[in-house]
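What follows is each chain in one-letter form.
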Amino acid sequence: MERRDKLLSWLHEAQERSGRNYLDPKDLAAAGKRFGLTGAELRGVASYYSMYSLKPRGRHLIRVCDSPVCRMLGSAGVLEALGGALGIDGEGTDAEGRFTLETCQCLGHCASAPVVAVDGTVHADSGPDGIRSVLASLREADESSSTLGGGGRGD
Ligand code: FES
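Conventions and cut-offs
- Residues numbered from 1 in each chain as written.
- Predicted model: local features only at pLDDT ≥ 70, side-chain atom pairs only at ≥ 80, totals over all residues.
- Helix = DSSP H or I, 4+ residues; strand = E, 2+ residues; numbered from the N terminus.
- Rg over C-alpha atoms; globule rule 2.2 N^0.38 Å.
- Buried ≥ 20, exposed ≤ 12 C-beta atoms within 10 Å, placed from the backbone.
- Contact = placed C-beta atoms within 7 Å.
- Expected span 1.5 Å × (residues − 1).
- Arc of directions from axis to C-beta.
- Pairing = 2+ DSSP bridges.
- Axes fitted to C-alpha atoms, helices over the stretch in contact; angles between N-to-C directions.
- pLDDT = per-residue confidence, 0-100.
- Core = buried A, V, L, I, M, F, W, Y, C linked by C-beta atoms within 7 Å.

### Overview of the overall build of the protein chain
Right, on to step 1. The secondary structure content of the protein chain amounts to 6 helices and 5 strands.
Right, on to step 2. For the protein chain, the N- to C-terminal ordering of α and β elements is α-α-α-β-α-α-β-β-β-β-α.
Right, on to step 3. Since a compact globule built from 155 residues should have a radius of gyration of about 15 Å, the 16 Å found for the protein chain is in line with a globular shape.
Right, on to step 4. For the protein chain, the spread of C-alpha atoms along the three principal axes comes to 50 × 35 × 20 Å.
Right, on to step 5. For the protein chain, the proportion of its 155 residues judged to be buried stands at 26%.
Right, on to step 6. Residue pairs in contact within the protein chain that sit at least 24 positions apart in sequence constitute 58% of those at least 6 positions apart.

Below is the structure:
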């Protein structure tokens, strides 16, 4: 049985392998055997941490900080601008399953608010000017998706 202090990193890797940024039931079952945990315990862990999802998401994950500092410095406008660029109304996944746009709690870069994370890479100062670097990162992510034929297991 694997040491439980390795569970979170194992779940991160499983989520990345899924190609849809989520923990599928097969991975949870495998984690249960590996770490000696029940399905309910694993779902508890997965639902406690906002970086995990039990539902399929886009291959690329864009998280807009919605905590007070970022909110005061324009995160709602950033969310709206990104939604407009991606064809997503508010939070959700685009029709092609490429991008999921969601809000999140503090990303730990409050001094550079508003902050956006694209596939885990933090983009600070993502105001009207900084949004260009976020969009450039999204285009790069989109091209890598196309080049790789979508990646993941196709769930
Ligand atoms: S409030 Fe947004 S990074 Fe802390």
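Read on, since the account is not over.
### Things to note about helix α5 (residues 75–86)
Right, on to step 1. For α5, which comprises 12 residues, the first-to-last C-alpha distance of 16 Å matches the rise-based estimate of 16 Å (1.5 Å per residue) to within 8%.
Right, on to step 2. Those residues of α5 that sit buried are Ser75, Val78, Leu79, Leu82 and Leu86. Looking down the long axis of α5, one finds its buried residues gathered within 100 degrees of arc, a one-sided arrangement.
Right, on to step 3. Directly beyond the C-terminal end of α5, a positive phi value near 75 degrees is found at Gly87.

### With respect to the sheet that holds strand β2 (residues 92–93)
Right, on to step 1. Taken in spatial order, the 5 strands of this open sheet run β2-β3-β1-β4-β5, and their pairing is mixed. Both edges of this open sheet fall to β2 and β5 (121–123), since each of them pairs with a single strand only.
Right, on to step 2. As judged from the 2 bridges shared by β2 and strand β3 (residues 99–104), these two strands associate in the antiparallel manner. Looking at β3, one finds that Gly92 is bridged to Leu101.
Right, on to step 3. Taken strand by strand, α5 contacts β1 (60–65), β3 and β4 (116–118), and its axis lies near 155 degrees from that of β1.

### Structural notes on the confidence of the model for the protein chain
Right, on to step 1. Summarising the model, the protein chain shows a mean pLDDT of 88, and 93% of its residues fall at 70 or more.
Right, on to step 2. Within the model, the stretch residues 148–155 combines pLDDT values under 50 with 17 contacts to residues more than four positions away or in other chains.

### Section: the nonpolar core
Right, on to step 1. If you look at the biggest cluster of nonpolar residues, it comprises 22 residues, and the most contacted ones within it are Ile62, Val64, Leu82, Val116 and Val118.
Right, on to step 2. For this core, the elements supplying multiple residues, two or more each, are β1, α5, β3, β4 and α6 (131–147).
Right, on to step 3. The residues contacting Val116, other than those within four sequence positions of it, are Ile62, Arg63, Val64, Val78, His123, Ser126 and Val134.

### Re unusual backbone geometry
Excluding glycine, residues mostly carry a negative phi; peptide bonds, for their part, are mostly trans.
Right, on to step 1. Going from Ala113 to Pro114, the amide bond is cis rather than trans, its omega being 0 degrees.
Right, on to step 2. Examined against the element boundaries, Pro114 turns out to sit in the loop between β3 and β4.
Right, on to step 3. Backbone geometry at Asn21 places phi at a positive 55 degrees, although glycine is not the residue there.
Right, on to step 4. Structurally, Asn21 is set in the loop between α1 (7–17) and α2 (25–35).
Right, on to step 5. Not every positive phi belongs to a glycine, and Asp125 is a case in point at roughly 50 degrees.

### Points about the environment of Pro114
Right, on to step 1. The class of Pro114 is buried, set by 29 C-beta atoms lying within 10 Å.
Right, on to step 2. Pro114 has contacts with Cys65, Cys70, Leu73, Gly74, Ser75, Val78, Ser126 and Gly127, leaving out every residue within four places of it along the chain.

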